[in-house]
Amino acid sequence: MASFNKVILAGNLTRDPELRYTPKGTAIARLGLACNRKWKSESGEMKEEVTFVDVDAFGKQAETISQYLKKGRPILIEGRLRLDQWEDKQSGQKKSKLGVVLESFQFLDSGGGGRSGNEGGAPPRSPSAAVPPTESPEVEPPHDDDVPF
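To keep things clear, this report deals only with the structure shown in the data block. Within each chain, residue numbers correspond to sequence positions counted from 1 in written order. Local features in a predicted model are, by the rule used here, given only for residues with pLDDT of at least 70; side-chain atom pairs are given and counted only at 80 or more, and totals for whole chains, interfaces and linings are based on all residues. Each side-chain value is derived from all of the structure's non-hydrogen atoms; neither hydrogens nor water enter the calculation.

With that out of the way, let us pick up the overall build of the protein. Put simply, DSSP marks the helices as runs of H or I at least four residues long and the strands as runs of E at least two long, and each gets a number from the N terminus on. A count of helical and extended segments in the protein gives one helix and six strands. Put simply, the protein runs from its N terminus to its C terminus through helices and strands in the order β-β-β-β-α-β-β. Put simply, the protein has 149 residues, and 28% of those count as buried. In this description, contact between two residues means that some pair of their heavy atoms is separated by no more than 4.5 Å. A fraction of 56% describes how many contacts in the protein between residues 6 or more apart in sequence connect residues 24 or more apart. The method behind every accessible area is Shrake-Rupley, applied with a 1.4 Å probe, and residues are considered shielded solely by the protein chains displayed. As displayed, the protein has an accessible area near 11000 Å², and 51% of this comes from carbon and sulfur atoms. The classification of residues rests on relative accessible area computed with a 1.4 Å probe and restricted to protein chains. Under 20% of the type maximum is buried, over 50% is exposed, and intermediate values are partly exposed.

Our focus in this paragraph is the pairing of strand β1 (residues 7–13). Strands are labelled as partners when DSSP assigns at least two bridges between them. When β1 meets strand β5 (residues 74–87), the two strands line up antiparallel, connected through six bridges. Of the residues in β5, the one forming a bridge with valine 7 is glycine 79. In the sheet, β1 pairs with strand β3 (residues 27–40) via two bridges, with the strands oriented antiparallel. Considered in β3, the bridge of asparagine 12 is made with alanine 34.

This part takes up a nonpolar patch on the surface. Patch membership is restricted to residues that have no salt bridge and whose relative accessible area is over 30%. Joining uses 9 Å for like charges and 5 Å for the nonpolar side chains Val, Leu, Ile, Met, Phe, Trp and Tyr. Just to be clear on terms, a salt bridge is a Lys or Arg side-chain nitrogen sitting within 4 Å of an Asp or Glu carboxyl oxygen. Where nonpolar side chains cluster on the molecular surface, the patch consists of Leu81, Leu83 and Leu98 and spans about 280 Å² of accessible area. Relative to the helices and strands, leucine 83 resides in strand β5. Look at leucine 83 and you get partly exposed, because its relative accessible area is 49%.

Moving on, we come to the pattern of salt bridges. Counted by the stated rule, this structure contains twelve salt bridges. The partner of glutamate 49 in a salt bridge is arginine 37, and the shortest N-O contact between them spans 3.7 Å. Of this pair, glutamate 49 sits in strand β4 (residues 46–58) while arginine 37 sits in strand β3; the two residues are twelve residues apart in sequence, bridging distant segments of the chain. Relative accessible area serves as the criterion here: at 42%, arginine 37 is assigned to the partly exposed category. The salt bridge partner of arginine 80 is glutamate 103, with a shortest N-O separation of 3.6 Å. Residue arginine 80 is found in strand β5, and its partner glutamate 103 is found in strand β6 (residues 94–107); the two are separated by 23 residues along the sequence.

So, about the packing of aromatic side chains. To pair, rings of Phe, Tyr and Trp, with the six-membered ring standing in for Trp, must have centres within 6.5 Å; the planes then decide the type, stacked if under 30 degrees apart, edge-to-face if over 60, and tilted in the middle. By the definition in use, this model includes two aromatic pairs. For the pair tyrosine 68 and phenylalanine 107, a centre-to-centre distance of 6.2 Å together with 80 degrees between the ring planes defines the contact as edge-to-face. You can see tyrosine 68 sitting in helix α1 (residues 59–68) and its partner phenylalanine 107 sitting in strand β6, a full 39 residues away along the chain. Each of the two residues, tyrosine 68 as well as phenylalanine 107, counts as buried. Ring centres of phenylalanine 105 and phenylalanine 107 lie 5.2 Å apart, and the angle between their planes is 90 degrees; this geometry places the pair in the edge-to-face category. For the pair phenylalanine 105 and phenylalanine 107, one class covers both residues: buried.

Moving on, we get to the nonpolar core. Leu9, Leu33, Val55, Ile65, Ile75 and Ile77 are the most contacted members of the largest nonpolar core, which has 21 residues in total. For isoleucine 77, the residues in contact, after removing those within four places along its chain, are Val7, Ile8, Leu9, Leu33, Val55, Val100, Leu102, Ser104 and Phe105. Working definition of a nonpolar core: buried Ala, Val, Leu, Ile, Met, Phe, Trp, Tyr and Cys residues. They are joined through side-chain atoms within 4.5 Å.

As structure tokens, this is what we get:
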């Protein structure tokens, strides 16, 4: 049976990233992401729904996100769905929660523009922090008659 688990979301952080480290030193950042959807109902009324998603980032990506992003900043993330299951200690009930494990991300603004909570300016564009580029159309090289081959 084939299976495919990939999620691409763009939204705004609902809180500052929470950065922690495992005993072995691996960075883990927990993010809250709000994704808005707006549409017009059959009666012409504008509607809006917001979906809140918890995202976990690991390693260097977790540290970069924690360093440069604050509540309200936009981000595009690519990752996979993960179902967490546990038993509530007080009630004994089984609980579950669907979240996203971040695999790559892209900053969606430069960090400028006078937004509050931006102390560091624009974050660097590093390969580990960018969503892999989508396939772009081939660009023809310039025609040069002096090509030596």
